[in-house]
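Read off the chains here:
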Amino acid sequence: MAETILLTGGAGYIGSHTYLALREAGFDVLILDNFVNAKADVPARLERITGAPVAVLRGDVRDPDTLKAVFRDHRIDGVVHFAALKAVGESMDMPIDYMQTNIGGLLNLLKAMEEGGCRRLVFSSSATVYGDTRVQPIPEDHPRTATSPYAFTKLAGEQILEQLTADWAVGILRYFNPVGAHRSALIGEDPAGHPNNLVPYVAKVATGELEEIQVFGDDYDTPDGTGIRDYIHVEDLAQGHALSLRALIETGMGHTVNLGTGQGSTVLQVIEAYSAACGRALPYRIAPRRAGDVAVLTARPEQARDLLGFQATRTLDDMCRSSWAWVSGQIRNATD
Ligand code: NAD
Ligand code: WQD
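Residues numbered from 1 in each chain as written. Chains lettered and ligands numbered in written order. Predicted model: local features only at pLDDT ≥ 70, side-chain atom pairs only at ≥ 80, totals over all residues. Heavy atoms only, no water.

### A look at the nonpolar core
For clarity, the threshold we go by: Residues belong to one nonpolar core when they are buried, are Ala, Val, Leu, Ile, Met, Phe, Trp, Tyr or Cys, and are joined through side-chain atoms within 4.5 Å. Note on exposure labels: buried denotes an accessible area under 20% of the residue type's maximum, exposed denotes more than 50%, and partly exposed covers the range between, all computed with a 1.4 Å probe on protein chains only. In this text, helices come from DSSP runs of H or I with a minimum length of four residues, and strands from runs of E with a minimum of two, each type numbered from the N-terminal end. Here, two residues are considered to be in contact whenever any of their heavy atoms come within 4.5 Å of each other.
If you look at the biggest cluster of nonpolar residues, it comprises 36 residues, and the most contacted ones within it are Leu-7, Tyr-19, Leu-22, Leu-46, Val-80 and Leu-259. Looking at this core, the elements with two or more residues in it are β1 (4-8), α1 (13-24), β2 (28-33), α2 (42-50), β6 (169-175), α8 (234-251), β11 (255-259) and α10 (302-308). For this core, the leading source of residues is α8, giving seven residues. Each residue touching Val-80, except ones within four places of it in the same chain, is listed here: Ile-5, Leu-6, Leu-7, Thr-8, Leu-22, Val-122, His-241 and Leu-245. Listed in part, the 26 residues of the second largest apolar core include Val-202, Leu-210, Leu-282 and Trp-326.

### Here's the deal with the sheet that holds strand β9 (residues 228-229)
Put simply, the rule reads: Strand pairing is assigned whenever DSSP identifies at least 2 bridges connecting the two strands.
Strand order across the open sheet formed by three strands is β12-β9-β14, with mixed pairing between neighbours. Single-partner strands in this sheet number two, and they are β12 (265-266) and β14 (296-297). Across two bridges, the pairing between β9 and β12 is antiparallel. Bridging from a neighbouring strand, Ile-228 pairs with Thr-266 of β12.

### Side note on the side chain of Thr-298
Relative to the elements of secondary structure, Thr-298 occurs in the loop between β14 and α10. Here Thr-298 is in contact with Gln-136, Pro-137, Ile-138, Phe-176, Ile-228, Arg-229, Asp-230, Gln-263 and Gly-264, once residues within four sequence places are set aside.

### Side note on the site of ligand 2
For clarity, the threshold we go by: Residues are classed as near a molecule or strand on a simple rule: at least one heavy atom within 4 Å of it. Any N or O atom pair separated by 3.5 Å or less is treated as a polar contact, with the protein-specific requirement of one donor-capable and one acceptor-capable atom, and with residues adjacent in sequence counted only for side-chain atom pairs. For the accessible areas, the method is Shrake-Rupley and the probe is 1.4 Å, while residue cover comes only from the protein chains on display. The residue classification treats Ala, Val, Leu, Ile, Met, Phe, Trp, Tyr, Cys and Pro as nonpolar and Asp, Glu, Lys and Arg as charged. All others, Gly included, are polar.
As a matter of local geometry, ligand 2 sits amid 17 residues, with Ser-126, Tyr-150, Gln-214, Arg-229 and Asp-293 nearest to it. Interatomic distance of 2.9 Å between a side-chain N/O atom of Asn-197 and an oxygen atom of ligand 2. Considered on its own, ligand 2 offers 690 Å² of accessible surface; in the complex 86% of this is hidden by protein. Tallied by class, the residues present in the shell around ligand 2 amount to seven nonpolar, seven polar and three charged.

Shape is all these values report; function is a separate question.
Here is the structure:
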């Protein structure tokens with residue numbers, strides 16, 4: 001019988017892609033989401049892609065009783081915990097809300113799992129736990145530090161999980177920069193308002209919603225002077241979760257791994273790849289550096305390969321093409 005996996009935050013950007021990867025890997029999946037940062041039609045879109053009903057509970061991880069009821073009413077064999085608030089800048093303005101959702105929500109989940117007898121968890125962590133480092137590419141044993149309330153919640157989450165008893169199997173996945181969209185172009189990243197992150201911003205310039213890209217600094221010590229990041233296709237990232245769960249189930253042992261490609265791209269390379277994808281040279285201008293940015297952030301990806309058999313296969317061009325297919329499809333739907 002297939003294992004049933006609970007996906008908290010499963011209607012969100014990474015969660016919805018992971019839903020599909022887990023179904024493809026043979027898992028049954030139950031989504032729990034309060035839809036604070038997800039569109040109401042995501043489950044229907046997942047149904048269109050899979051051709052099968054999607055099990056969704058509308059609920060909040062800040063409510064312990066909601067989580068306890070999930071484990072009372074369902075046999076859950078493992079959990080992937082995405083539900084969190086994730087904007088670094090916003091976390092500086094509302095640190096308590098970030099801690100309530102990201103740390104309080106995790107504690108509620110762990111208690112409900114303990115009571116429900118489920119001790120397998122995959123946790124969405126982030127390269128943000130490495131802080132402002134010059135060590136590149138970054139290995140998993142690099143010291144951790146919190147440079148924002150958001151980063152603090154991810155670091156605290158990791159440290160809480162490290163205190164659990166040995167009968168728990170926990171996969172800590174540190175994502176680098178997830179971008180792109182599902183090959184169906186039916187789900188993707190859909191930030192409300194002015195995007196903070198590069199690829200969603202570039203996408204809105206490509207659609208004409210925003211006028212030009214601001215490149216935050218061209219005087220870094222990199223080949224073209226702009227910041228380097230390790231962009232990873234969200235479908236590769238989603239696959240990492242299926243492999244992580246499989247490893248937890250088969251070995252009973254936990255792991256902490258970077259999920260990245262190991263390859264860095266500059267801001268100008270991203271703009272160039274996106275311009276090729278959408279068939280138009282996208283306008284940009286050089287702006288001052290953004291506070292808190294580092295020059296380079298790339299993963300050492302070997303541990304995920306060795307422990308999970310994980311290897312990202314999609315290129316920056318694939319990421320930009322899939323993003324463009326998604327956002328341009330959204331515009332076509334809106335004008336139909
Ligand atoms: P997202 O905002 O698209 O997804 C998060 C989901 O959680 C949303 O659907 C939201 O509605 C839900 N949610 C938020 N608060 C909730 C609550 N209290 N109860 C129930 N559901 C709640 O974000 P994402 O990019 O898919 O990120 C998923 C996870 O990955 C997060 O934990 C995030 O911190 C982590 N992460 C993301 C990135 C990134 O660049 N996107 C990088 C590293 C780590
Ligand atoms: C990428 C590059 C910018 C916007 C963030 C979080 C991190 C993680 C992933 C959750 C940088 C440059 C950006 C723009 C630009 N999230 N840039 N113009 O900062 O690497 O990581 O998302 O865990 O915690 O901090 O991603 O996409 O914002 O920036 O020039 O309009 O693009 O300076 O070099 P970042 P990003």
